[in-house]
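The primary structure of each chain is shown beneath.
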Amino acid sequence: SAAREGERERERDGEKCWLVRNPLAFRSSSAMSGVFIDAGVLGKRLEQIYRSWTDKAEGFKAGEGGAAADALAIATGKSTEDLRYMKSIALDIWLFAYELPETLLVLRKDRKVHVVTGKTKAKLIGATVADVKEKHGVEVIVHVRAKGTTGEDHFEEVLDAVAKSAGPDKVANLGWLPKDKHEGAFFEAWNQSVDKRAAGGKIAKCDASMGFAAILAVKSSDEQTNSKKAAFLSAQAMVKYVIPQLETIIDEEKNVKHSTLSSLVEDRILEPSKLEVRLKRDKVNACYAPIVQSGGKYDLKITAQSNDDVIKYDTIVVSLGARYASYCSNLGRTIIVDPTKEQEKQYAAVLKAQEAAMAALAPGNKMSEPFKAAVKSLQDSGQSALVSKFANKYVGFGMGLEFKESSSNLSEKNERLVEEGMVFCVSISLAGIENGDKSTGQPSAYAMQVTDTVLVRAKGAGAGGSSHEVLTDAPKQWKDVTYVLNEEEEEEEEDKENASRRGRRGDGKGEEVLGKRSSALRDRQDRTAEDEQTEAQRREKQDELTRKANEETIRILTQNKQSGAGDKTKEVKDPVAYPSPADIPHSSKDALIKVDGRAETVLLPIYGVSVPFHISVIKNVTNSQDNEHSFVRIIFHSPSAMNVLRDTVLVQRHIREAFVKEISFRCTDLRHANRIVQEIKTMRRLVQQRESEKLERATLVKQEKLVQGRGRVPILHDVWIRPTLGGRGKKMTGTLEAHTNGFRYHSPKGEKLDVMYGNIKHAFFQPAEKEMICLIHFHLYNDIMVGKKKSKEVQLYTEVMDVVQTLDAGRRNAYDPDEIEDEQRERERRNRVNAEYNSYVKKVTDLWERDHAEKKLEFDIPFRELGFPGVPHKTTSFLLPTVYALVDLIETPFFVLTLSEVAVVNLERVGFGLKNFDMVFVFKDFEREPHRVDAIPSNVVEQVKEWLNSVNLKYYENKMNLVWKPILKTIKEDPQGFIEGGGWEFLNMEASEDEDEEEEVETLIIGDRKICIRTSTLEEKSTACSMLCCYVEELQEGFFPYIEEIVQLFVPLLRFAFHEEVRSTVASGMPELLKAAKSAVEKGCGKDAAWVKGMLDFMLGPLLEAIDKEPEALIVVSQVEAIGKLVACYGEGLDQNQMVQIFGCLKKALEASAERRKEREGRKESEDFDEEEAEAIEEENEEEDDVSDAVCECLDEMLKKFRAAVMPLVEQLLPFFAQMLEPSRSSSEHRIAICLIDSVVEYGSDGGATLKYFNSFVPVLLNNTTSEDADIRQCSAYGLGACAQVYGEHFAPVCKDALGKLMQIIQHPQARSSDYEMATENAVSALGKFCEFQSAAVDASGIVDTAGLMAFWLSQLPIKADKTEAKVAHGQLCRLLESGDARVVGKDNANLPQVASVLCKILAEGTAVVSEEHRNKLIAILNKVLQTLPQEAVHAQHAQLPQKAQQVLEAAASGRYQ
């Protein structure tokens, strides 16, 4: 209703239906479409009139003591182009929200209201009759005046009703508005009808002006808001346009007429966006033409006009007034150039007089008191002479829908009482003030005027406990309104000669001071004072916003969360290929695979019968060829051996049933096989797409159906749509139609998209100015399907120019006619498209206000002048603020941020002298991740602050980026502690500044802890932590005196939010500190094992907590690695509870990593997915691989330390690694999963603990020995060796396959290349385990016997590249030789020469490939072997050995090798 009380402007088909000067007057019935009257507001205000008519009857009587009015008449005549302030027009707007030309309103005492008007207006009013009568008890009787008549017959009917209601034989008193003089036959006919009856003594007229004035004088809250907006616009016009224009005129000595500046100011008022004021243009108007006066000619009456004289640089009086929604405001200031001392005193007295008058505007005071207070103030200031200079007999007047409410003059004799809610213009206007100093540039007589718009508040409710609020906040202090153009240098008498040489010139008759021109205000050689005042006002507002932000945050955090009933999972039915066997297509027994596209089924020939399989049960299909045959392999969905979570819903439902895992067919028709495979894949892809789209749609909120409008609806032609609707073929433009309850876009190809009004959160209209498109954009509450994808953004646009490229390298002449013609065509097209969109937007707005006012929909237009560049996603965009949002509607993905959803804004990296800063929006919904806009140029930081302040957003400044995830989590966990700690003030950089300006400190309040960090020393802190870790690592137990102190310092830094390197370094340092402590105890430092255990406990809890809350993947890697090293160092100190905590933490880390991967997969579905995005996702996934790798290594340490005892806990994590084996996963993930299998098999198999996984683990290892990735082959080969060692006879059935796989690795052509050497050596090591632990299975394999395999193994030794595996294999060789295993030395010692050669090669490599213990044993064995071998055999081996190995052999043969 408040919106409808305001001024409304409509434009229909290019015809202005509202007056320029009086925008609320109806012009024609055709212009009335889209207009309606609010019955609630009408009824409520009619009740207010009747209540005032009873309670304040004096205003409706025929003179003092006269009879009260029996009826009240409000009549209007023909509308005109002139701006008119009449009480009848004001009452029309107040009641109906519009001026109703040629309309009569007669209110009877018996609560019946007669309305005589034209057909169209009668229809509008008639629509309110029922509601007004039912809810407010007022009966509205509408009389429709026939077209072309004056309505005299209806006048007589109404007057008869008035006379009848007054009673028989009684003269009816008719209250009217005698000062309202309208034009037109209708108004004249009404007056003639009344006068005729008055002359006959049947009716008497009484003046009801005072009664109506009393009703309009007190403003409701909505009316006060309109007055405030009008006053704000006036103030902005004065501050941001009038004052700067005057400065420019004076500074540049321009000759500008008063009338010219007046017109320019009025134009600015009518374009509020140019004043950076976000008010609707169609609700704004000027109360009068701004008045500019100077040069001694002053008229301070409100009817004055600016003359055509040029502005003089003396005393300049400016007054202006803006209207918003027809509510008026007024503002006046006096600008004085080169003022005199006397003018300074007079102006000070004027300000005090105005303040005294405003102070007297208190509820209950008489309206005469402000005048008396102003007079007394002038006298008390010693300016009694000014009392006689008042230009008017009042110091102000009431304002509202009328510019001047004459009954509310603040004059000496007005005894009416001031009431709360009244709005006054308070003006001290003095004219004819004589200039006592003729030597100045001031005129002989000048004027002074200070005018403001003031709202009367309840006593004590205003600023400083006053009872008023000044609405026009424009500077008026002496320093703000005075200019100095001539500054005389006052010199002492003895310095006159020097002064003359410096700045004076003499002509023998005297000296003349040269004027020094300056455009600065007094005491404003720079704008420091003004900047300080602006900053002070901004800070004051920000302080208030801080309080509101904290209150809103605590309200949101502590409110009871209503837990609604959970969504019911829709039951998924089993797929049905055919309803009954009779529906299966039977054909000849050709034993062919067939694809039935209609039933989405594959028919497979099994034992001569065609068996149908629905496509949804098929997981994959492959085709391989071998000579003349093709092998079709069909793999079905079946239960996963390692992770049931990977299974489909269908598999999980039938988990107890028997499953067919795969079927293979051999086909002689290669073409048929290829076609079948292709058809199955195509069908599977289409069904998956369909099901995926169905799932997408299942999450959508159900939209209402579009109701198509009747008749002509607003249509916008030739528009493109983003996101695209998809489909094949050439993209084409379509049309956008606005129907009853939503928009419909459809293209010539029949594609349709409906956007319902109820789903529109924001609607934007952005004309093409500096862009190549003009657009309408809808930001929705709920996703809708656009093509085959969900989206909350829908944009319709038209290109305003063609994209062309000049192929010739030459430069075109600036005066080239073709170039000029092209530019002209582009301008014309741009203007035409903008006009079409603007017209469409206005038509839709009319539709919304008429039929959907409750939705409060409106088109928001971005403010280009407030825009700034930034990076909201990945590329730099130009961000544009709007009334309700911050947007980028040009680049994709679109950026729309709703301002009302923001709690606070944090400006980061401000103050380091950087070129850019970042802006983080923290939302009221703490479950929503804060949005960061990066790389905003630092030169717009003040502009951004001013914008944030103007939209009532609390902002903070920080010198660095914050990690928001742990901060928000802490706030959610302890909201009360957050508020008690000052709320959002922990972000206040200024509050944490030390008195020493060189040292900057930031404060972060987390729960009940307050952490202060010196931002200038963060890097030093990181370096210090790194140095301490180096000291610990080098000194070990020598660092003992400091270990305890450093641990106490490091533990809190695990969650140091301001520097990632600090968190990573201290995590890595924990194991080194524990290792040093353990070493110190072992060396007898005086402490015991309990001290080491206590240190482990002190570290472990915070480390696990830090992993849970760490948002950065790379830091998680360091922290998880630290856990593994702590276990390796002192795992025996862990109790069962701590073990459970560790595994719980590792599980959460894997879950968080999986969730991040899932989110990245979703990004791949975006239409903006490109190579750059793919690279970014790949890099981020590599970080997740590091997390998984770190967890795997940690589990490896746990298994080494606790072996099978820890398997129940390890098994909880196996499903995560099973997922990594899926074909779609990366090779890095495959390697990590296989490494864990290796560790589980090697260390966790005691007592057969892992035997249940045998059938799952071994196939994985076998399949991956042929992987193209050398690392995966290496892990797989190692795992097979471990399986051969621990599984005994259970491994025998697969021994042959495994042996073949290992031989394939070793005998690969590139086996000894640098890339494949590690895999080869692990396969060699595995062969040794086959020889030792699977000899029977090897003999039974048929590939080679154990003796032959042993000889082959020896031929592949030594192992050099993989140092770890080298020690294992060489240790095994040592053990076999010590035991005298005949298979090693061979039959009749046939292998001894080779054994000697291998031993020499191993010993030549030193302890890098063999342990010290085994080395000594191998030396003894070598000596014994050499004693056994004949000399010629030794010489033969010597010739074949490398030089270093030869030296070993020579030394050993001579008995000198040790």
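Above: the structure in question.
Numbering of residues begins from 1 in every chain and follows the order in which that chain's sequence is written. Restriction of local features to residues with pLDDT of at least 70 applies here, the model being predicted, together with a cutoff of 80 or more for giving and counting side-chain atom pairs; totals for whole chains, interfaces and linings are based on all residues. Here the side-chain values reflect all heavy atoms present in the structure, with hydrogen atoms and water set aside.

### Structural notes on the packing of aromatic side chains
Part 1 of the reasoning: Centres within 6.5 Å make a pair out of two Phe, Tyr or Trp rings, where for Trp the six-membered ring is used; the pair is then stacked when the planes are under 30 degrees apart, edge-to-face when over 60, and tilted otherwise. Evaluated as defined, the whole model comprises 26 aromatic pairs.
Part 2 of the reasoning: Note on Tyr50 and Trp53: the rings are 5.7 Å apart at their centroids and 25° apart in plane angle, and the pair reads as stacked. Within this pair, Tyr50 and its partner Trp53 are both found in helix H2 (residues 39-55), separated by 3 residues, close to a single helical turn.
Part 3 of the reasoning: Cation placement over rings: the criterion is NZ of Lys or CZ of Arg within 6 Å of the ring centroid and within 35° of the ring normal. In this structure, Arg928 is placed above the aromatic ring of Phe923, and the distance from its NZ or CZ to the ring centre is 3.7 Å. Going along the chain from the N terminus, every DSSP run of H or I of four or more residues is numbered as a helix, and every run of E of two or more is numbered as a strand.

### Considering the sheet that holds strand E33 (residues 773-786)
Sheet strands pair by backbone hydrogen bonding; their relative direction is either parallel or antiparallel.
Part 1 of the reasoning: The strand order E31-E30-E29-E28-E34-E33-E32-E35 describes an open sheet built from 8 strands, whose pairing is mixed. Strands with a single pairing partner mark the edges of an open sheet, and in this sheet they are strand E31 (752-756) and strand E35 (859-860).
Part 2 of the reasoning: Both strand E29 (residues 734-738) and strand E30 (residues 742-746) contribute to a ladder of 4 bridges, which runs antiparallel. Within E30, the position partnered with Glu737 by the bridge is Arg744. In this description, strands pair whenever DSSP reports at least two bridges between them.

### Concerning the sheet that holds strand E22 (residues 594-596)
Part 1 of the reasoning: The 3 strands lie next to each other as E22-E23-E24, forming an open sheet whose pairing is antiparallel. Each having just a single partner strand, E22 and strand E24 (609-614) make up the two edges of the open sheet. Here the average twist between neighbouring strands, direction ignored, is 30°.
Part 2 of the reasoning: Pairing of strand E23 (residues 601-606) with E24, which is carried by 6 bridges, proceeds in the antiparallel orientation. Bridge pairing links Val602 to Phe613 in E24. In this analysis an axis means a line fitted to C-alpha atoms, helices contributing only their contacting stretch, and an angle means the value between N-to-C directions, from 0 to 180 degrees.

### Quick look at empty space enclosed by the protein
Part 1 of the reasoning: Both cavities and pockets are sets of points on a 1 Å grid over the protein atoms alone; in a cavity a 1.4 Å probe fits but cannot get out, in a pocket the set is open with protein on both sides within 12 Å along at least five of seven lines, and lining residues sit with an atom within 4 Å of a point. Grid points are joined across faces, edges and corners, and a volume is the space filled by probe spheres set on the points. Tallying each qualifying case throughout the model produces 11 cavities of 30 Å³ or more.
Part 2 of the reasoning: Volume-wise, the largest cavity comes out at about 190 Å³.
Part 3 of the reasoning: Every element with two or more residues in the lining of the largest cavity is listed here: strand E10 (291-293), strand E15 (396-398), strand E16 (423-434) and strand E17 (445-456).
Part 4 of the reasoning: Sorting elements by how many residues they give to the lining of the largest cavity places E16 first, with 3 residues.
Part 5 of the reasoning: Three classes are used, and their members are as follows: Ala, Val, Leu, Ile, Met, Phe, Trp, Tyr, Cys and Pro are nonpolar, Asp, Glu, Lys and Arg are charged, and the others, Gly among them, are polar. Among the residues forming the lining of the largest cavity, the class breakdown is 8 nonpolar, 9 polar and 2 charged.
Part 6 of the reasoning: By volume, the second largest cavity amounts to about 130 Å³.
Part 7 of the reasoning: Those elements that provide at least two residues to the lining of the second largest cavity are helix H20 (964-973) and helix H25 (1089-1109).
Part 8 of the reasoning: If you tally residues by element for the lining of the second largest cavity, the top one is H20, at 3 residues.
Part 9 of the reasoning: Per-class residue counts for the lining of the second largest cavity are 8 nonpolar, 1 polar and 4 charged.

### Focus on a negative patch on the surface
Part 1 of the reasoning: A cluster of acidic residues, Glu1121, Asp1170, Glu1171, Glu1172, Glu1175, Glu1178, Glu1179, Glu1182, Asp1186 and Glu1193, forms a negative patch on the protein surface.
Part 2 of the reasoning: When residues in the negative patch are grouped by element, the largest group, 8 residues, is from helix H28 (residues 1171-1202).
Part 3 of the reasoning: When you line up the elements, Asp1170 lands in the loop between helix H27 (1136-1164) and H28.
Part 4 of the reasoning: For Asp1170, a relative accessible area of 38% gives the class partly exposed. Surface patches are drawn from residues lacking salt bridges whose relative accessible area is over 30%; two like charges belong together within 9 Å, two nonpolar side chains (Val, Leu, Ile, Met, Phe, Trp, Tyr) within 5 Å. Note on areas: Shrake-Rupley with a 1.4 Å probe; residue coverage comes only from the protein chains shown. The term salt bridge refers to a side-chain nitrogen of Lys or Arg lying within 4 Å of a carboxyl oxygen of Asp or Glu. Counting rule applied: Lys, Arg positive; Asp, Glu negative; His and chain ends not counted. Lysine's charge is taken at NZ, arginine's at CZ, aspartate's at CG and glutamate's at CD. To sort residues, take the accessible area from a 1.4 Å probe on protein chains only and compare it with the maximum for the residue type: under 20% means buried, over 50% means exposed, and anything in between is partly exposed.

### So, the packing of H25 against H27
Part 1 of the reasoning: Orientation of H25 relative to H27, taken along the N-to-C sense of each, is 25°, at an axis distance of 10 Å. Judged by the inter-axis angle, H25 sits roughly parallel to H27. Pair H25 / H27 crosses with left-handed handedness. Of the residues in H27, those in contact with Lys1093, Asp1097, Leu1100, Leu1104, Ile1107 and Asp1108 of H25 are Gln1138, Gln1141, Ile1142, Cys1145, Lys1148 and Ala1149. Oblique is the label for any angle not covered by the other classes, which are roughly parallel (under 35 degrees), roughly antiparallel (over 145) and roughly perpendicular (65 to 115). Left-handed describes a crossing whose near helix is turned anticlockwise from the far helix through less than a right angle; right-handed describes the clockwise counterpart. Throughout, a residue-residue contact means that at least one pair of heavy atoms, one from each residue, lies within 4.5 Å.

Without other data, these values stay purely geometric and don't point to any function.
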